[in-house]
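# Structural overview for review
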Amino acid sequence: DTKRMEQALKANIEATERLHMAFRNMSNSINAKVTQATGSLSYAKQQVQREASQFREDHYRKLRRVALFFALVGVVLGAVGGVVIVDYHNARTFQDSVQGMFGEQVCRQAGGNEMIVNKTGERVCAMGLR
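Just so we're clear, the structure is a prediction, and the values are computed from it rather than from any experiment.

## With respect to the overall build of the chain
Scanning the chain from terminus to terminus reveals one helix and two strands. Moving toward the C terminus, one meets the helices and strands of the chain in the order α-β-β. Split into buried and exposed, the 130 residues of the chain put 2% on the buried side. Accessible surface, the chain as shown: approximately 11,900 Å² in total, 62% of it carbon and sulfur.

## Overview of the confidence of the model for the chain
Note that predicted coordinates carrying low pLDDT should not be read in detail. On average, residues of the chain score 84 in pLDDT, and 72% of them reach the 70 mark or higher. The secondary structure element of the chain with the lowest average pLDDT is strand S1 (residues 112-116), at 64, and the one with the highest is helix H1 (residues 2-109), at 88.

## Digging into the pattern of salt bridges
In this structure the tally under the stated criterion is two salt bridges. With its nearest N and O atoms 2.8 Å apart, the salt bridge here joins Arg-61 to Asp-58. Here Arg-61 pairs with Asp-58, and both are found in helix H1, just three residues apart, close to one helical turn. When its relative accessible area of 33% is taken as the criterion, Arg-61 is described as partly exposed.

## Notes on the packing of aromatic side chains
Under the criterion given, the structure shown has one aromatic pair. Between Phe-69 and Phe-70 the ring centres are 5.3 Å apart and the planes differ by 70°, which places this aromatic pair in the edge-to-face class. In this structure, Phe-69 and Phe-70 share a single accessibility class: exposed.

So, how was this worked out
- Residues numbered from 1 in each chain as written.
- Predicted model: local features only at pLDDT ≥ 70, side-chain atom pairs only at ≥ 80, totals over all residues.
- Heavy atoms only, no water.
- Helix = DSSP H or I, 4+ residues; strand = E, 2+ residues; numbered from the N terminus.
- Buried < 20%, exposed > 50% of the residue type's maximum accessible area, 1.4 Å probe, protein only.
- Areas by Shrake-Rupley, 256 points an atom, 1.4 Å probe, with all protein chains shown as cover.
- pLDDT = per-residue confidence, 0-100.
- Salt bridge = Lys/Arg side-chain N within 4 Å of Asp/Glu carboxyl O.
- Phe/Tyr/Trp six-rings, centres within 6.5 Å; stacked < 30°, edge-to-face > 60°.

Spelled out as structure tokens, the structure:
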């Protein structure tokens, strides 16, 4: 009986050692896979952060370009509008002053009389019919 018990005990010890080795191998395999998965997730997180940062930079660069474009368009339109308004005002002022100084004289030399139109208040040169 003791021999059989000894053999059974040895068999149990061998089976326990095999189980121990199998669990150790399984544990090492799981640890390796967890480490690999953690590394992959860390790399993916870095990639996502890098791409998000690049996207943000591109977005702000585009916003700055659009803002600069509209600022330049505003400046150009303001300058053109200012030139048109000032030019129109200066032309009217020049025309009125020339008309006032020389209009009557030129009209008389041409054989007419200068008159003011009642409806518009403008000066015109009226030529007599012969």
